[in-house]
Every structure is written in C-alpha cells, then in structure tokens.
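Descriptive analysis of the structure
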Amino acid sequence: MTIVLDKDRGIESELEERIGLECPYCGVFAHMSPQAFPDAAAVFRDKPKHVGLVYQCDACHAPVFLRFAVREYSENRVELFRNFVELERPKERFAFSYLPEHTEVLFREALSCYSANNFNAFASMCRRAAKGSFEALGEGGKLRAFEEVMVAQEIAGINDDTFAPIKNVLFGTGQYEDLPLLNRAQAGILLEVLKDMFYQCFVRHGKLSRAIKVRRFFVSENSGKRQSA
Ligand SMILES: [Zn+2]
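**Digging into helix 5 (residues 160-171)**
The set of residues buried in helix 5 consists of Phe163, Pro165, Ile166, Val169, Leu170 and Phe171. A side-chain oxygen of the first residue of helix 5 lies 3.2 Å from the backbone nitrogen of Asp161; this N-cap is Asn159.

**Re the packing of helix 4 (residues 141-156) against helix 5**
Between helix 4 and helix 5, the least distance of the axes is 12 Å, while the angle of their chain directions is 155 degrees. Here helix 5 runs roughly antiparallel to helix 4, going by the angle between their axes. Our pair here, helix 4 against helix 5, has a crossing hand that is right-handed. Packed against helix 4, whose contacting residues are Lys142, Ala145, Phe146, Val149, Met150 and Gln153, the element helix 5 presents Asp160, Phe163, Lys167, Leu170 and Phe171 at the interface. Class assignment for the residues of the contact of helix 4 with helix 5 results in seven nonpolar, one polar and three charged.

**Some points on the coordination of the zinc ion**
Looking at the zinc ion, one finds its protein donor set to be Cys23 (SG), Cys26 (SG), Cys57 (SG) and Cys60 (SG), positioned 2.3 Å from the metal centre. Around the zinc ion, the four donor atoms are arranged such that angles at the metal cover 105 to 113 degrees; this shape is classified as tetrahedral. For the zinc ion, the donor residues sit on a single chain with the sequence spacing C-x2-C-x30-C-x2-C. Taken as a pair, Cys23 in the loop between strand 3 (19-22) and strand 4 (29-36) and Cys57 in strand 5 (residues 50-57) lie far apart in primary sequence, 34 residues in all. Like Cys23, the residue Cys57 is buried in the burial classification.

**Structural notes on a nonpolar patch on the surface**
Taken together, the side chains of Tyr25, Phe65, Val85 and Leu87 present a nonpolar region at the surface, about 360 Å² in accessible area. Locating Tyr25 in the fold gives a position in the loop between strand 3 and strand 4. Among the residues examined, Tyr25 registers a relative accessible area of 39% and is labelled partly exposed.

**Let's talk about the pattern of salt bridges**
By the definition in use, this model includes six salt bridges. Taking the shortest distance from any N to any O, the salt bridge between Arg45 and Asp46 comes out at 3.1 Å. Exposure remark for Arg45: the relative accessible area of 62% places this residue in the exposed category. Residues joined by salt bridges that share partners form a network here, namely Glu92, Glu192 and Lys195.

**Topic: unusual backbone geometry**
Even without a glycine there, the phi angle at Lys47 is positive, about 45 degrees. Considering the arrangement of structural elements, one finds Lys47 in the loop between helix 1 (40-46) and strand 5. At Asn117, a residue that is not glycine, the phi angle is positive and equals roughly 65 degrees. On the basis of relative accessibility, which here comes to 32%, the residue Asn117 falls in the partly exposed class.

**Description of the nonpolar core**
Phe107, Phe122, Leu170, Leu190, Met197 and Phe198 are the most contacted members of the largest nonpolar core, which has 38 residues in total. Sorting the residues of this core by element identifies helix 2 (101-115), helix 3 (119-137), helix 4, helix 5 and helix 6 (184-228) as the ones contributing at least two each. Here this core gets 10 residues from one element, more than from any other, and that element is helix 6. For Met197, the residues in contact, after removing those within four places along its chain, are Ala130, Ser133, Phe134, Ala145, Val149 and Phe171.

**Topic: the layout of surface pockets**
For the largest pocket, the calculated volume is near 170 Å³. Around the largest pocket sit Lys91, Glu92, Arg93, Phe96, Arg108, Leu111, Ser112, Ser115 and Ala116, which together line it. Of the residues assigned to the lining of the largest pocket, the class counts are three nonpolar, two polar and four charged.

Thresholds, definitions, all that
Residues numbered from 1 in each chain as written. Predicted model: local features only at pLDDT ≥ 70, side-chain atom pairs only at ≥ 80, totals over all residues. Heavy atoms only, no water. Buried < 20%, exposed > 50% of the residue type's maximum accessible area, 1.4 Å probe, protein only. Helix = DSSP H or I, 4+ residues; strand = E, 2+ residues; numbered from the N terminus. Polar contact = N/O pair within 3.5 Å; in protein donor to acceptor, adjacent residues only side chain to side chain. Axes fitted to C-alpha atoms, helices over the stretch in contact; angles between N-to-C directions. Parallel < 35°, antiparallel > 145°, perpendicular 65-115°, else oblique. Left-handed = near helix turned anticlockwise from the far one by under 90°. Contact = heavy atoms within 4.5 Å. Nonpolar A, V, L, I, M, F, W, Y, C, P; charged D, E, K, R; others polar. Donors = N, O, S within 2.8 Å, 3.2 Å for Na, K, Ca; no water. Tetrahedral: all angles 85-135°; square planar, octahedral: opposite > 155°, others 65-115°. Patch = residues over 30% accessible without salt bridge, like charges linked within 9 Å, V, L, I, M, F, W, Y side chains within 5 Å. Areas by Shrake-Rupley, 256 points an atom, 1.4 Å probe, with all protein chains shown as cover. Salt bridge = Lys/Arg side-chain N within 4 Å of Asp/Glu carboxyl O. Core = buried A, V, L, I, M, F, W, Y, C linked by side-chain atoms within 4.5 Å. 1 Å grid on protein atoms, 1.4 Å probe; cavity = no way out; pocket = protein on both sides within 12 Å on 5 of 7 lines; lining within 4 Å. Points joined across faces, edges and corners; volume = space filled by probe spheres on them.

Written as structure tokens, this is what we have:
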C-alpha cells in the first residue's frame, strides 16, 4: 500500500485502509481511522520532507499523530513512505509506589527513555535504577536480585548469548561507557526482566504485607465487636 496526496483530490483512497496501532491514550491495540490531513496546496508549495497526519483511535476516539517521510514529489502527487513515526508512544506502566524512592525516580526516567525509543539511554538508566535498588535491598541485595533474574531467564527460556548483554547492563561493574549497545529487541527483554526483578524484590513484598495487614485489621475488628456484644 502506498499513501498518495493528490493536488486536486487530496489523500487518495488507499489511505482509507486503516492502520493498526497500540493507542498511546487507551493502550488498546486498535484500528486508527484517518481524521485530518494537511492542505494539499500548502504541501505542494512548501515541499516539506515530512508530512503529519492525524488518525483517530477506534477504541477511545483520541487523536493520534503520525509523521510520514515523503518518498517523492511529482507534478500532481506526493507519495509518502508507508513507515511512520508515532509522535506519542504508549507509556509503560508499573506499580511505582512500591519501589524505594531513588529507584522509583530512576526507573520512571528509564521507562520514559524506552517509550521514546531511546534504547541505550534506557539501558543506562536501568543500570542506575538497578544499582540503587541493590543498595536499598541491603546486604546480599544484589545477589538476591541476581537470583530472581536467573529464574526469569529460565522461565522465559532465553539463551545465554541473548541474555549476556541484559545481565551486563543490570549487574556489570564496569564504567557506564562500557555498557553494551542494545537494539529494540534486547531493550524489550531488559524492560520485562527488570520489571520482573523489581516486582519480585519490592512489589510482591509490599503488596503481600499490605494485604496481610488488612486481613489482621479486620480479624481484630471483628473479635473486638464480638467481645463488646
Ligand atoms: Zn485509544
């Protein structure tokens, strides 16, 4: 499918074919319907290298902005590359409130880097967030976290070669400039592994102790009532 903007007829019907995307607002993988296009006369006058189009999420009706590179201008038509850049990416979510304060700050920034497709900035922030979390866990914290990550590798069935750079980012002791370069796929694994590590080390503990506290509270409330009845 090519996307063509015609000088007289505007966007040509091929664009009617809808785009499927994870919506940055509702998080649903939804169809996006065309909503707004640039004025063709202005595009032909200025001949920009990129053109922005607005789509509407079919699930939540929010506007989603996409940027397309121009493939070529001809007399009456401008053809766009099919690949587009999402100007707003879905935000990664996490139960941040269970993390130690420093870890929370660093991990939030790590996830912003990931959402912006800055995978190596993401990796550097993961190293900082992980290092801070080991200190927060106290003595033996790093070893405990390492064991959790080994379990995650086994559960996910990731081979050692693929996993080596992920381990290096999280547990390496070298300088920041020695961090391996990660691609999108490796960054995705790192994201899930670190989320799991934080879940096992902090969120699980926090959630469970809170839930048990609540149970105990109701038990003592009820027995108090029975005694007074
Ligand atoms: Zn949506």
